[in-house]
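Examination of the molecular architecture
Listed below, chain by chain, are the residues.
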Protein chains: 4
Amino acid sequence: MTRPLPSNQTLPADALSYQEVRALTEALAAPLTAEDQTIQSMPDVSPTKWHRAHTTWFFETFVLEPHLAGYEPYDPAYRYLFNSYYNAVGDRHPRNQRGLLSRPGVTEVASYRRYVDEAMSRLLATDEVQPLISLGLHHEQQHQELLLMDIKHVLAQNPLAPAAFPIAPPRAVTAASGASQWLPHDGGIVSIGAQGDDFCFDNESPRHALLLRPFDIATRVVSCAEWIEFMDDGGYRRPELWMSDGFATATSEGWRAPLYWEQIEGEWTIFTLSGRRPITGNDPVCHVSWYEADAYARWARCRLPTEAEWEVSAPDPGEERHAVHPDNVAPNRDWYGAVWQWTGSPYVAYPGYKATTGAIGEYNGKFMVNQMTLRGSACVTPPGHARRTYRNFFPPAARWAFSGVRLCRDVN
Amino acid sequence: MTRPLPSNQTLPADALSYQEVRALTEALAAPLTAEDQTIQSMPDVSPTKWHRAHTTWFFETFVLEPHLAGYEPYDPAYRYLFNSYYNAVGDRHPRNQRGLLSRPGVTEVASYRRYVDEAMSRLLATDEVQPLISLGLHHEQQHQELLLMDIKHVLAQNPLAPAAFPIAPPRAVTAASGASQWLPHDGGIVSIGAQGDDFCFDNESPRHALLLRPFDIATRVVSCAEWIEFMDDGGYRRPELWMSDGFATATSEGWRAPLYWEQIEGEWTIFTLSGRRPITGNDPVCHVSWYEADAYARWARCRLPTEAEWEVSAPDPGEERHAVHPDNVAPNRDWYGAVWQWTGSPYVAYPGYKATTGAIGEYNGKFMVNQMTLRGSACVTPPGHARRTYRNFFPPAARWAFSGVRLCRDVN
Amino acid sequence: MTRPLPSNQTLPADALSYQEVRALTEALAAPLTAEDQTIQSMPDVSPTKWHRAHTTWFFETFVLEPHLAGYEPYDPAYRYLFNSYYNAVGDRHPRNQRGLLSRPGVTEVASYRRYVDEAMSRLLATDEVQPLISLGLHHEQQHQELLLMDIKHVLAQNPLAPAAFPIAPPRAVTAASGASQWLPHDGGIVSIGAQGDDFCFDNESPRHALLLRPFDIATRVVSCAEWIEFMDDGGYRRPELWMSDGFATATSEGWRAPLYWEQIEGEWTIFTLSGRRPITGNDPVCHVSWYEADAYARWARCRLPTEAEWEVSAPDPGEERHAVHPDNVAPNRDWYGAVWQWTGSPYVAYPGYKATTGAIGEYNGKFMVNQMTLRGSACVTPPGHARRTYRNFFPPAARWAFSGVRLCRDVN
Amino acid sequence: MTRPLPSNQTLPADALSYQEVRALTEALAAPLTAEDQTIQSMPDVSPTKWHRAHTTWFFETFVLEPHLAGYEPYDPAYRYLFNSYYNAVGDRHPRNQRGLLSRPGVTEVASYRRYVDEAMSRLLATDEVQPLISLGLHHEQQHQELLLMDIKHVLAQNPLAPAAFPIAPPRAVTAASGASQWLPHDGGIVSIGAQGDDFCFDNESPRHALLLRPFDIATRVVSCAEWIEFMDDGGYRRPELWMSDGFATATSEGWRAPLYWEQIEGEWTIFTLSGRRPITGNDPVCHVSWYEADAYARWARCRLPTEAEWEVSAPDPGEERHAVHPDNVAPNRDWYGAVWQWTGSPYVAYPGYKATTGAIGEYNGKFMVNQMTLRGSACVTPPGHARRTYRNFFPPAARWAFSGVRLCRDVN
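A word on the interface of chain A and chain D. Counting residues at the interface gives 30 residues for chain A, matched by 30 residues for chain D. Both sides together, the interface formed by chain A and chain D hides about 2200 Å², and carbon and sulfur atoms give 64% of it. There are two salt bridges connecting chain A and chain D. Between Arg103 of chain A and Asp36 of chain D there is a salt bridge; the shortest N-O distance is 2.5 Å. Between the two partners, chain A and chain D, sit eight residue pairs in polar contact (both at pLDDT 80 or more). Elements represented by at least two residues in the side of chain A that touches chain D include exactly α3 (78–81) and α5 (130–156) of chain A. Split by residue class, the side of chain A that touches chain D holds 16 nonpolar, ten polar and four charged.

The structure is reproduced here in structure tokens:
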């Protein structure tokens with residue numbers, strides 16, 4: 001598990017720098033060729049240059065057009081080409097056809113970014129659009145992670161197994177080393193969700209109380225070595241461990257191991273952003289679907305934590321490395337920055353949730369069905385983007401996110 | 001909305017009569033021809049004769065084979081043909097190919113039923129299998145409702161619009177008449193789920209406490225007249241009212257009205273088990289998917305209730321007709337017996353849920369993903385089958401269940 | 001290879017008896033249950049009761065309505081339900097949804113047939129409609145064969161392997177016994193196609209001349225024993241023997257043997273209309289696609305004959321059993337009545353072809369693309385239906401026809 | 001209709017220059033960006049850089065590896081990546097996934113081409129490989145045309161309608177100007193197919209005799225103005241004009257005009273390699289499928305010519321501009337260089353056809369089913385590639401080739 005992002009990023013979560021966020025997107029794309037940036041390897045994946053353009057479109061559409069007097073769009077056709085899913089701002093190019101567009105090319109997209117950045121520089125002094133800019137930056141951070149997820153999927157289709165980021169430091173996240181322990185929690189009435197002045201997405205609010213039963217949650221995420229035990233014990237072939245939909249998917253898709261795993265001459269390897277390499281047993285298992293996570297938990301005679309159980313147990317991102325648990329359990333340092341952790345909670349609105357008004361209200365609310373939530377953050381999550389209340393979500397069959405497993409259990 | 005079931009059934013929920021339940025299945029199938037009973041009109045639908053055989057297989061497999069000494073199966077091949085989804089008892093005929101089997105025919109299936117009933121009659125004295133028999137009877141009741149859902153779908157494919165149950169009394173459920181009012185609830189810590197000695201499915205347990213915010217819930221379900229207002233207001237064409245997956249489904253499927261509705265010379269009609277007929281505005285809207293129910297609620301500036309909100313507001317089935325609300329609101333008599341009511345709750349395990357051990361444990365637990373819960377019961381639910389704690393569930397796109405809408409709202 | 005048809009049929013090809021042809025259809029359906037007659041096991045298959053109704057619709061639509069004064073249709077809805085593909089007579093029920101219709105049932109269809117037969121009996125004296133009646137009878141004979149092809153496919157889906165025609169005499173067609181020999185032909189200008197007063201379909205005309213090179217054609221069709229040699233020699237796994245489309249189809253469909261073959265405990269068996277039974281090596285191979293026939297021929301270092309080569313080599317049906325070849329080669333008696341024989345000729349119009357005018361013109365002409373022709377007839381072809389000029393046709397991947405292989409080779 | 005190829009090419013058909021053919025491929029790709037060259041817009045389309053690499057692989061695999069001592073492949077992985085369909089030389093990357101490969105990129109592909117060209121330059125003196133080199137050059141010419149067909153399809157997906165070849169001279173092919181006349185032919189025994197020492201593909205041989213009936217063939221191809229008459233007369237909505245498969249395809253695909261046509265504010269436009277522009281009525285209609293060509297011919301009360309009729313009527317490519325017909329009819333100059341012309345002949349082997357032995361034998365023979373032949377050549381066919389005996393072929397639904405229509409009729 002390596003972190004392909006520059007390590008000298010030190011952005012505070014509540015005050016992202018426009019220049020730094022925008023520059024990081026370009027830095028991530030820099031090692032990629034024009035050909036790399038063009039391909040859409042499955043409907044869920046977007047080409048790199050589309051990510052670069054769409055995040056720019058977001059600022060153009062929601063900030064510059066309504067708020068910068070006299071602003072002329074870079075190209076009126078981009079309103080259609082780079083809209084992702086906002087019905088309120090008109091029609092859009094079909095999502096599954098993003099890989100059919102060779103033009104604008106990477107050079108033109110870079111020019112588009114500079115044009116919008118220049119216009120934004122004239123706007124930044126204004127205070128009233130600050131919330132929209134902040135949303136735009138957090139949005140761009142999400143796409144930085146998507147860009148890395150997506151390009152990994154693109155490159156993995158190539159039998160040459162190209163190493164797109166060959167100089168990325170192979171700094172192992174030590175997350176899964178050491179025996180896992182249980183962090184106990186007594187349950188009772190707790191509160192979760194975001195509150196206060198710091199940035200959050202609308203789906204994290206309102207902060208609200210709920211009632212928990214006592215539970216134990218694992219001090220670290222599941223490792224590759226543990227996953228291999230599951231595989232060796234017939235994990236992928238035993239329907240009694242799986243949800244019915246999950247086993248049907250695993251069967252029809254031929255799943256035998258996590259995505260990107262391949263057994264070569266008896267040894268398991270994984271495809272990474274730096275090419276294919278042998279598995280390290282201590283690494284957190286990654287690129288497993290919710291179906292697999294759920295089956296693994298059942299095999300381990302545990303279950304996945306709920307969102308609330310996770311949130312009341314996790315440290316804040318900034319405190320992770322210093323956390324000491326009252327019961328003297330040393331929680332591992334993998335709540336954030338290693339792998340997203342599937343929860344047992346379907347992605348639904350919090351009680352009292354109100355979507356933001358206007359087109360921006362389409363950001364989160366309309367996806368609150370058919371998905372499961374994940375918590376924490378991953379090695380590809382940009383610095384400063386993680387929050388304890390952050391709610392990530394994917395369909396239960398999705399595997400191309402950097403998703404792993406933290407176990408939980410009832411206390412009887 | 002008519003109730004095609006015999007009205008003189010008075011089975012208590014906790015002591016279903018084997019003879020009466022089994023006889024009702026045959027009574028429901030009696031008006032159907034051999035051809036009617038053979039067809040599978042979509043993968044989710046099963047032929048009538050399959051329902052008749054599968055419910056019999058359930059008693060043969062889980063009661064007679066393990067518990068009646070010397071029992072000889074009617075036909076060993078049926079173990080494969082009529083297994084629905086129990087991996088623990090072996091392979092099975094593919095679900096989507098149930099309509100490819102002409103043999104055994106309806107006469108042979110009747111013979112199979114009599115054979116098993118006779119064997120069961122020799123077993124009934126024994127007490128220790130009573131829970132399995134009880135489960136088998138509640139299972140058969142579920143299939144009685146499925147049988148009616150499924151044959152309605154089969155017959156609806158036919159341009160002749162055949163009336164399978166021509167003598168069913170057109171007794172209108174008066175559910176949706178009168179203005180809807182709001183039943184207030186103060187929230188706080190409440191308990192839901194089943195407890196005690198009466199029969200329940202494992203997914204209704206354990207009874208557990210949770211914390212609710214104050215809310216209002218409607219005294220009656222949404223009517224066809226109200227649904228037509230939604231349609232006339234562009235409800236099916238306005239993406240801002242829908243979940244993203246919902247609008248995509250509505251578009252690709254060409255939804256413009258609930259299932260079985262058809263506009264003929266300007267007037268809306270519905271296909272019923274007694275043929276096609278004009279819509280009655282006061283009837284509860286039925287055969288809408290969760291996607292549609294959710295969009296309707298958003299259009300009405302309300303939301304769907306959670307399972308807990310529904311359960312703490314509803315009367316017990318036996319008390320419905322006499323219920324008087326403390327605040328002097330007269331709740332309508334449509335919590336049960338009209339339409340199942342979609343909730344905003346995804347179908348997941350209750351805290352502390354344990355699936356039954358053995359093959360029977362596959363009954364409920366393995367379906368707890370990708371589905372939404374419904375509460376109450378419908379006009380096709382057998383007498384004695386409804387419970388306040390009962391959890392029905394279907395995928396959010398399903399429309400062939402007798403599903404409708406009860407609204408809820410936050411109290412600010 | 002058995003002939004499930006009554007053997008006492010002695011209809012001359014040019015004067016089919018209305019009563020006898022119509023009665024044979026009912027005789028073929030008689031052993032089938034109502035459930036058997038309802039199922040459509042794939043889009044190409046039609047339910048038995050649909051065949052019975054559609055052939056009746058043909059007489060009603062093309063003979064009675066235009067030619068019997070005062071005729072009242074049995075049910076106006078049948079015009080839509082039982083139209084197969086005639087655009088000129090209006091819309092029709094989708095072909096792939098014929099298996100979704102339980103009504104009218106088998107009893108009602110029998111009543112429909114009697115109603116039309118009674119009306120036809122009032123019309124028969126009239127001479128001017130004789131060509132249409134003749135076409136209707138040959139059309140019904142085609143559907144008699146389709147009915148048997150289709151019900152075989154339906155029953156083959158059933159793990160119980162039901163024997164629909166248990167009393168059919170297992171009279172083996174001795175076609176493939178004995179060593180195959182070569183019938184030589186010198187080539188030159190020859191004529192093929194139908195001419196004169198006897199009935200023929202429009203696709204058999206006009207009779208026309210063409211130029212042939214010398215060739216040899218086999219005295220008998222390929223046997224099951226020979227096919228097993230091909231299989232044992234890797235025939236289904238060697239792409240160099242196949243057309244590219246053929247190998248792709250064989251791979252994606254998992255073909256390893258002809259349709260209906262199954263290896264049970266090391267022995268090859270076939271499913272027949274009388275149930276499953278061991279293969280007889282001397283039987284003609286049957287239920288192979290054109291792709292397989294073509295690959296077999298290449299494997300045998302031969303090729304398939306063209307239509308013209310077949311037609312100038314074959315005896316007339318009535319002469320088959322007495323034929324003596326000038327070169328003293330005894331041609332086998334399997335040109336007709338065993339299996340249809342794939343040719344190397346795509347199904348196209350003969351030079352100078354004119355489709356019949358009116359709706360009847362849709363009978364043949366609009367299918368003259370994407371299909372390969374077959375010649376001869378099969379054990380399920382009704383008596384009196386075969387002709388030397390007869391052109392049967394199916395897509396190259398079709399296997400459910402009673403189709404086999406006769407080899408041919410160039411003479412150098 | 002413009003010819004995007006350099007007009008100063010003067011290669012004789014029988015002695016293509018290696019350097020010139022190879023250089024033309026690179027010249028065609030030169031105006032395209034790296035992004036353009038990467039995209040596969042449908043399974044039938046290959047990315048530009050794949051064409052450039054595959055044609056190089058052909059020389060490497062079939063010429064250099066067996067015939068240049070000590071030759072080291074540029075990259076052993078390319079054997080897998082750039083094999084198109086030759087089973088005899090091993091596995092290959094799936095055809096429909098060619099657009100998922102970003103690496104090797106366009107620069108690397110150029111390097112691969114130079115590497116192979118350099119090796120070829122060391123081999124050219126050798127005489128014995130001349131036939132293979134010749135085949136390789138004709139193969140590369142075919143891919144030059146495919147490259148242009150494919151990139152046109154790629155760019156047409158883009159709402160920006162990019163003009164890839166903006167400087168291409170808009171030289172209109174004057175083919176369809178003037179009234180069409182009929183060229184009569186008396187029929188009789190004629191010979192078609194290639195013979196002699198000039199290069200031809202194996203599917204053009206052997207030359208053989210056949211018997212023709214008298215016929216008339218049109219002096220020019222069908223124009224856009226004529227096609228618009230067909231459209232305005234309901235051509236795309238009248239099933240009686242179409243093959244059954246054709247009308248089903250036209251309906252399901254929503255065909256209303258030829259591919260690349262779009263009606264903008266009432267005027268028909270076409271997308272070309274130089275962008276979108278208004279239709280010129282005199283231009284030959286192009287990008288129609290065989291199904292459309294066949295329907296058009298039926299509408300015009302004509303038919304498509306057979307291969308033989310076309311071949312005995314057409315001039316040789318070099319003679320086209322000087323041809324004078326004996327009956328003093330001035331045949332138009334559009335037999336070649338405008339549009340390929342669909343014939344009524346399915347693509348099958350000529351009598352006596354023998355595929356070349358070895359891997360090269362897979363070049364043509366295994367595609368001889370499910371396709372229709374076209375004759376002539378198109379504006380995108382490289383100079384020197386056309387022959388009177390040339391047999392092009394595509395499935396009847398294909399529209400992305402530069403395919404048009406020449407009519408024919410029977411003489412009564």
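Residue and element names in this part refer to chain B. Ordered by their spatial adjacency, three strands build an open sheet running β1-β4-β12, and the pairing between neighbours is antiparallel. Every interior strand has two partners, whereas the edge strands, β1 (182–185) and β12 (408–410), have only one. With strand direction ignored, the average angle separating the axes of adjacent strands in the sheet is 25 degrees. In this sheet, strand β4 (residues 215–218) lies alongside β1 in antiparallel orientation, the contact comprising four bridges. If you follow Leu183 over to β4, its bridge partner there is Ile217.

Turning our eyes to something else, we now look at the interface of chain B and chain A. On the side of chain A, 30 residues touch chain B, which itself brings 30 residues to the contact. Buried area between chain B and chain A, both sides added, is near 2200 Å², and the carbon and sulfur share of it is 63%. Three residues, Leu211, Arg213 and Val369 of chain B, lead the burial of chain B against chain A; their summed loss comes to 23% of the area buried on that side. Taken together, chain B and chain A are joined by two salt bridges.

Looking now at helix α1 (residues 18–29) of chain C. All names here are of chain C. If you check α1, its first and last C-alpha atoms are 17 Å apart, about what twelve residues at 1.5 Å a residue would give, namely 16 Å. Regarding α1, the residues found buried are Tyr18, Val21, Arg22, Leu24, Thr25, Leu28 and Ala29. Within α1, the buried residues cover an arc of 150 degrees as seen down the axis, which keeps them to one side. In this structure, the buried residues of α1 make contact with α2 (48–67), α4 (106–123) and α5 (130–156).

Before going further, it helps to spend a moment on the packing of aromatic side chains. Applying the stated criterion across every chain yields a total of 140 aromatic pairs over all chains. When the ring of Tyr236 of chain A is compared with that of Trp242 of chain A, the centres are 5.8 Å apart and the planes differ by 50 degrees; the resulting orientation is tilted. Of the two residues, Tyr236 of chain A and Trp242 of chain A, both sit in the buried class. Ring centres of Phe58 of chain D and Tyr363 of chain D lie 6.4 Å apart, and the angle between their planes is 90 degrees; on these two criteria the pair is classed as edge-to-face. Placement of the pair is Phe58 of chain D in helix α2 (residues 48–67) and Tyr363 of chain D in the loop between β8 (340–346) and β9 (372–375), with a sequence separation of 305 residues. By way of ring pairs, the aromatic residues Trp57, Phe58, Phe62, Tyr85, Tyr86, Phe199, Phe201, Trp340, Tyr363, Phe367 and Tyr390 of chain A are connected into one cluster. The lysine or arginine in question, Arg391 of chain A, covers the ring of Tyr350 of chain A, its NZ or CZ lying 3.9 Å from the ring centre. When the ring centre of Trp50 of chain B is taken as origin, the NZ or CZ atom of Arg98 of chain B, which lies over that ring, is 3.6 Å away.

On to unusual backbone geometry, then. What you tend to see is this: most non-glycine residues have negative phi, and most peptide bonds are trans. Cis geometry is adopted by the peptide bond preceding Pro206 of chain A, which originates at Ser205 of chain A and carries an omega value of 0 degrees. Here the amide bond leading from Arg103 of chain D into Pro104 of chain D is cis, since omega sits at -5 degrees, within 30 degrees of zero. A positive phi angle, close to 80 degrees, is found at Tyr260 of chain A, a residue other than glycine. In this structure, Tyr260 of chain A sits in the loop between α7 (244–253) and β5 (261–264). Owing to a relative accessible area of 8%, Tyr260 of chain A belongs among the buried residues under this scheme. Positive phi, close to 50 degrees, is recorded for Glu265 of chain A, a residue that is not glycine. With respect to the helices and strands, the residue Glu265 of chain A is situated in the loop between β5 and β6 (267–272). A residue is classified by how much of its surface remains accessible, and Glu265 of chain A, at 83% relative accessible area, is exposed.

Moving on: the sheet that holds strand β12 (residues 408–410) of chain C. Residue and element names in this part refer to chain C. In space, the three strands of this open sheet follow the order β1-β4-β12, with antiparallel pairing throughout. Unpaired on one side and paired on the other, β1 (182–185) and β12 mark the two borders of the sheet. Here the average twist between neighbouring strands, direction ignored, is 25 degrees.

Let us now look at the packing of helix α1 (residues 18–29) of chain A against helix α2 (residues 48–67) of chain A. All names here are of chain A. Packing of α1 against α2 leaves a shortest axis separation of 10 Å and a crossing angle of 165 degrees. Relative to α2, the element α1 is oriented roughly antiparallel. By crossing handedness, the relation of α1 to α2 is classed as left-handed. Residue-level contacts link Tyr18, Arg22, Thr25, Glu26 and Ala29 of α1 to Thr48, Arg52, Thr55, Thr56 and Phe59 of α2. Within the contact of α1 with α2, the residues separate by chemical class into three nonpolar, four polar and three charged.

All names here are of chain C. In this fold, His287 is placed in the loop between β7 (275–278) and α8 (290–299). In this structure His287 comes out as buried when scored by relative accessible area, which is 3%. Within the structure, the side chain of His287 is placed 2.9 Å from the side chain of Lys152, a separation counted as a polar contact. Polar contacts involving the side chain of His287 include one to the main-chain carbonyl oxygen of Arg399, which spans 3.1 Å. If near-sequence neighbours (up to four positions away) are discounted, His287 is found in contact with Lys152, Pro258, Leu259, Tyr260, Arg399, Trp400, Ala401, Phe402 and Ser403.

The rules behind these values
- Residues numbered from 1 in each chain as written.
- Chains lettered and ligands numbered in written order.
- Predicted model: local features only at pLDDT ≥ 70, side-chain atom pairs only at ≥ 80, totals over all residues.
- Heavy atoms only, no water.
- Contact = heavy atoms within 4.5 Å.
- Buried area = accessible area lost by both parts, 1.4 Å probe.
- Salt bridge = Lys/Arg side-chain N within 4 Å of Asp/Glu carboxyl O.
- Polar contact = N/O pair within 3.5 Å; in protein donor to acceptor, adjacent residues only side chain to side chain.
- Helix = DSSP H or I, 4+ residues; strand = E, 2+ residues; numbered from the N terminus.
- Nonpolar A, V, L, I, M, F, W, Y, C, P; charged D, E, K, R; others polar.
- Pairing = 2+ DSSP bridges.
- Axes fitted to C-alpha atoms, helices over the stretch in contact; angles between N-to-C directions.
- Expected span 1.5 Å × (residues − 1).
- Buried < 20%, exposed > 50% of the residue type's maximum accessible area, 1.4 Å probe, protein only.
- Arc of directions from axis to C-beta.
- Phe/Tyr/Trp six-rings, centres within 6.5 Å; stacked < 30°, edge-to-face > 60°.
- Lys NZ or Arg CZ within 6 Å of the ring centre and 35° of its normal.
- Parallel < 35°, antiparallel > 145°, perpendicular 65-115°, else oblique.
- Left-handed = near helix turned anticlockwise from the far one by under 90°.

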